[in-house]
Amino acid sequence: MSTPSPSRSGADRCPGLLAPFVSADGAIVRLRLPGGRMGAATVGEISSLAARFGDPDVTLTSRGSLQLRGLPDPLPRELITAIGDLGLIPSGAHDKARNIIADPEESLDDLVGTLDAGLLADPVLAGLPGRFLFAVAGVCGPVLGEPWDIAIVDETLPEVRGTSLEGAARVVVDGHSVLVPRNEAAEAALNVARRFLDSRSDPRTWNIRDLPADARATLLPEGTPFVMAAREPPLPGPVGDDLMVLVPLGLLTPEMAAALATSRGSSQGSSHLDDRGDVRGSTHLDPRVVVTPWRSILVSGGADRADELAAAGFVTSPDSPWTVLTACAGAPSCARTDTPTRELARAAAPLIDPTGPPVHVIGCERSCGRPARAHTLVVNPSTAADIVAAQHSPRHEKA
Ligand code: SF4
């Protein structure tokens, strides 16, 4: 990696990185990916940085973001510059506000991009709390089951797509919605966010649900009551020409990243790991991938790559225990517990029923990473058998 020149300092472009969150096993950097959209080659580059500077596994979060963990504190300048060079932090001031989850369909890419661009263009919106969340979805899209604040639901009819006719989208807030022309939906959603900032009296009010009812009622003046429904998150397997792959425990290993970054269809598109764990190789194509809020990744055009990606460690079929088994970081990464949650989850996986209820293993009541759908929490298990037994316990919880 080249030494940064003074004129293109990543520290200047990524000021938020200068004060990273620090955990028991080092500094943590979260890379927010609006709608989870990115190129597979970029995943490979992020994985290379993780392997070089900290924990080689990149963590997928419940907001479709990526985390580098176990990094030195303070962060090396070379790492800050390399992250800046990836172009994932276009505005340090807005970075914590760029929380957008989205259904993985390509037809939503423009809505995600317009929403992100509008957010970046307004200095006021840099003040949105880091916990504030936008969602962009199709009708009954699975991200609507997540704890968002403002949702845009694309209601454009299939016969209108790709024509010059104007589609429609619904902006949804607190059980109310307005239907607007599709090309005005992002700005309508951002206007709601501006009203949220104006209406809160305490900067610790992080979400719309935390506002008093009379303040919530002013956010969408033309809104009418709207009942929302959401499909279950997609299971691993083919989705048309694409492939949904699950990342067990949300830990993307260097081998997985290398397999993603391998570009099919290119005569030179072969990637591999070098001695330092960096992804090396020539790729002429950069397939679109979408990191989802469910610790999975949609690989565009990947329907016939299931065997190859499974060999790298991805789950590619729906009959895996990892479709219902998740865990927080736990020990030794987190100082709040002595329970090695991930290690115990791995030991329990062969005995978990993939058709049974979801189980989330945690080391303390903070319940990091818990899924939005109904699940059983397993707090501080002593053995893998505790996790297996808990799958069928009556203690179901909804986040
Ligand atoms: S749930 Fe508790 S033990 Fe697990 S990562 Fe969060 S704070 Fe740490």
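Preceding this section is the structure that the text describes.
This report concerns the structure included in the present document. (Residues numbered from 1 in each chain as written. Predicted model: local features only at pLDDT ≥ 70, side-chain atom pairs only at ≥ 80, totals over all residues. Heavy atoms only, no water.)

### Quick look at the site of the ligand
Every residue near the ligand is listed here: Cys328, Ala329, Gly330, Cys334, Arg336, Thr337, Gly363, Cys364, Arg366, Ser367 and Cys368. A class-by-class count of the residues in the shell around the ligand yields five nonpolar, four polar and two charged. (Near = heavy atom within 4 Å. Nonpolar A, V, L, I, M, F, W, Y, C, P; charged D, E, K, R; others polar.)

### What about the environment of Gly302?
By secondary structure assignment, the location of Gly302 is in the loop between β18 (296-299) and α8 (306-311). With a relative accessible area of 0%, Gly302 lands in the buried category. C-alpha separation for the pair Gly302 and Gly237, spaced 65 residues apart in sequence, amounts to 9.7 Å. In this structure Gly302 touches Asp241, Asp242 and Leu243, once residues within four positions along its chain are discounted. (Helix = DSSP H or I, 4+ residues; strand = E, 2+ residues; numbered from the N terminus. Buried < 20%, exposed > 50% of the residue type's maximum accessible area, 1.4 Å probe, protein only. Contact = heavy atoms within 4.5 Å.)

### A look at the pattern of salt bridges
For the coordinates displayed, the defined rule picks out twelve salt bridges. As a salt-bridge pair, Arg182 and Asp154 come within 3.2 Å of each other at their nearest N and O atoms. Residue Arg182 is located in the loop between β10 (176-181) and α5 (185-199), and its partner Asp154 is located in strand β8 (residues 150-154); the two are separated by 28 residues in the primary sequence. Residue Asp154 is classed as buried on the basis of its relative accessible area of 2%. In this structure, a network of salt bridges that share partners links the residues Arg37, Asp109 and Arg288. (Salt bridge = Lys/Arg side-chain N within 4 Å of Asp/Glu carboxyl O.)

### Brief notes about the sheet that holds strand β7 (residues 134-138)
A sheet is described by the order of its strands in space; here six strands give the open sequence β6-β7-β8-β9-β10-β11, paired in mixed fashion. At either margin of the open sheet sits one strand with a lone partner, and together these are β6 (100-102) and β11 (224-225). In this structure, β6 lies alongside β7, joined through three bridges in parallel fashion. Residue pairing for β7: Ala102 is matched across the bridge by Val136. Packed onto the sheet, helix α4 (residues 109-121) meets β6, β7 and β8 and runs at close to 160° relative to β7. (Pairing = 2+ DSSP bridges. Axes fitted to C-alpha atoms, helices over the stretch in contact; angles between N-to-C directions.)

### Some words on the nonpolar core
With 40 residues, the main nonpolar core has Ile46, Leu252, Ile297 and Phe314 as its most contacted residues. If we ignore the near neighbours within four places in the chain, the residues touching Ile46 are Leu31, Met38, Val58, Leu66, Leu68, Leu86 and Leu88. (Core = buried A, V, L, I, M, F, W, Y, C linked by side-chain atoms within 4.5 Å.)

### Looking at the pairing of strand β21 (residues 375-379)
Within β21, four of the five residues are buried, leaving the element largely enclosed by the surrounding structure. Where strand β20 (residues 359-362) lies against β21, four bridges are found, and the strand directions are parallel. Pairing of His360 across the sheet is with Leu377, part of β21.

### Regarding the sheet that holds β18
What the five strands build is an open sheet, ordered β3-β17-β18-β13-β12; its pairing is antiparallel. At either end of the open sheet lies a strand with only one pairing partner, and these are β3 (37-39) and β12 (237-239). This sheet shows a mean twist of 30° between the axes of neighbouring strands, independent of strand direction. Two elements, β12 and strand β13 (residues 242-246), share three bridges in a ladder whose sense is antiparallel. Among the inter-strand pairings, Pro238 is bridged to a residue of β13, identified as Leu243.

### Comments concerning the side chain of Arg32
Examined against the element boundaries, Arg32 turns out to sit in the loop between β2 (26-31) and β3. Taking the relative accessible area as the measure of exposure, Arg32 reaches 11% and is therefore buried. One polar contact links Arg32 to Asp95, side chain to side chain, over a distance of 3.4 Å. Polar contacts involving the side chain of Arg32 include one to the side chain of Asn99, which spans 3.1 Å. Here Arg32 is in contact with Ser65, Leu88, Asp95, Lys96, Arg98 and Asn99, once residues within four sequence places are set aside. (Polar contact = N/O pair within 3.5 Å; in protein donor to acceptor, adjacent residues only side chain to side chain.)

### Things to note about the packing of helix α2 (residues 40-53) against helix α7 (residues 254-261)
Their axes nearest at 8 Å, the elements α2 and α7 cross at an angle of 150°. As the angle between them shows, α2 and α7 are arranged roughly antiparallel. Classified by chirality, the crossing of α7 by α2 is left-handed. Between α2, through Ala40, Ala41, Val43, Gly44 and Ser47, and α7, the contact on the second element is made entirely by Pro254, Ala257, Leu260 and Ala261. Residue composition of the contact of α2 with α7, grouped by class: seven nonpolar, two polar and no charged. (Parallel < 35°, antiparallel > 145°, perpendicular 65-115°, else oblique. Left-handed = near helix turned anticlockwise from the far one by under 90°.)

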